Amino acid sequence: MTEAEQTTGTPGSGAAADAPGGVKGGRRIGALLVVAAFAYLLDLGSKLLVVAKLEHHDAIEVFGTWLQFEVIRNRGAAFGIGEAMTIVFTVIASAVIVVIARIARKLYSLPWAIALGLLLGGALGNLTDRLFRSPGGFEGGVVDFIAPAHFAVFNLADSAIVCGGFLIVILSFRGLDPDGTVHND
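Being a predicted model, the structure only gives us computed values, none of them experimental.

### Examining the overall build of the protein
For step 1, the next point in the chain: In terms of regular secondary structure, the protein is built from six helices and three strands.
For step 2, the next point in the chain: Sequence-ordered secondary structure for the protein, helices as α and strands as β, is α-α-α-β-β-α-α-β-α.
For step 3, the next point in the chain: Across the 185 residues of the protein, 38% fall into the buried class.
For step 4, the next point in the chain: For the protein, the exposed surface amounts to about 10400 Å²; the carbon and sulfur share of it is 68%.

Structure representation (structure tokens):
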């Protein structure tokens with residue numbers, strides 16, 4: 001991309017601009033869906049495994065007391081905050097999914113596809129728990145099991161959400177938009 005294209009905000013960063021008929025845009029949505037599916041399935045599989053093997057058992061030390069696997073059901077947000085607001089978190093997760101679907105229509109950036117895929121997979125993972133885990137009906141407890149010392153217990157969906165959010169912050173600071181536009185202000 002030339003400097004003139006960067007400063008005028010012309011979409012495309014080389015690879016996307018070179019693709020005939022917007023084929024690269026379709027691949028970006030595909031990348032988003034692959035990353036989301038991977039994050040979701042990894043989270044779902046890990047939760048199924050820890051519930052089947054570890055729930056109602058003592059914590060398992062992975063690295064002494066520094067890192068343990070300990071199953072808890074979290075009806076709140078991070079750090080167990082807002083346990084009485086489970087329905088609100090369900091609505092927020094659903095809204096995140098809708099926003100990502102809207103952004104995906106103009107997605108030409110692979111880094112944004114990865115970031116949004118992580119967010120989508122994580123949101124779907126925790127939303128699945130809220131919908132289908134006891135007591136169900138938008139109020140289910142999210143299965144958390146990764147327990148570092150002196151920190152909140154979390155799961156792989158939470159990790160995907162944090163990594164996706166961190167990547168979005170970096171991309172924003174670098175001036176890259178989801179449509180591939182680069183800003184040099």
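There's more to say after this.
### Details of the packing of helix H5 (residues 110-132) against helix H6 (residues 156-173)
Helices that pack against each other are described as a pair by the angle of their axes relative to one another and the distance between those axes.
For step 1, the next point in the chain: Put simply, H5 and H6 touch, their axes get as near as 8 Å, and they point 150° apart. Classified by the angle their axes make, H5 and H6 are roughly antiparallel. For the pair H5 and H6, the crossing hand works out as left-handed. Of the residues in H6, those touching H5 at Pro-111, Trp-112, Ile-114, Ala-115, Leu-116, Leu-118, Leu-119, Gly-122, Ala-123, Gly-125 and Asn-126 are Ala-157, Asp-158, Ala-160, Ile-161, Cys-163, Gly-164, Gly-165, Leu-167, Ile-168, Leu-171 and Ser-172.
For step 2, the next point in the chain: Class assignment of the residues belonging to the contact of H5 with H6 gives a composition of 15 nonpolar, six polar and one charged.

### With respect to H5
For step 1, the next point in the chain: Taking 1.5 Å per residue as the helical rise, H5 with its 23 residues ought to reach 33 Å, and the 32 Å between its terminal C-alpha atoms agrees with that figure.
For step 2, the next point in the chain: Of all 23 residues making up H5, 17 are buried, and the element is well covered by its neighbours.

Scoring rules and cut-offs
- Residues numbered from 1 in each chain as written.
- Predicted model: local features only at pLDDT ≥ 70, side-chain atom pairs only at ≥ 80, totals over all residues.
- Heavy atoms only, no water.
- Helix = DSSP H or I, 4+ residues; strand = E, 2+ residues; numbered from the N terminus.
- Buried < 20%, exposed > 50% of the residue type's maximum accessible area, 1.4 Å probe, protein only.
- Areas by Shrake-Rupley, 256 points an atom, 1.4 Å probe, with all protein chains shown as cover.
- Axes fitted to C-alpha atoms, helices over the stretch in contact; angles between N-to-C directions.
- Parallel < 35°, antiparallel > 145°, perpendicular 65-115°, else oblique.
- Left-handed = near helix turned anticlockwise from the far one by under 90°.
- Contact = heavy atoms within 4.5 Å.
- Nonpolar A, V, L, I, M, F, W, Y, C, P; charged D, E, K, R; others polar.
- Expected span 1.5 Å × (residues − 1).

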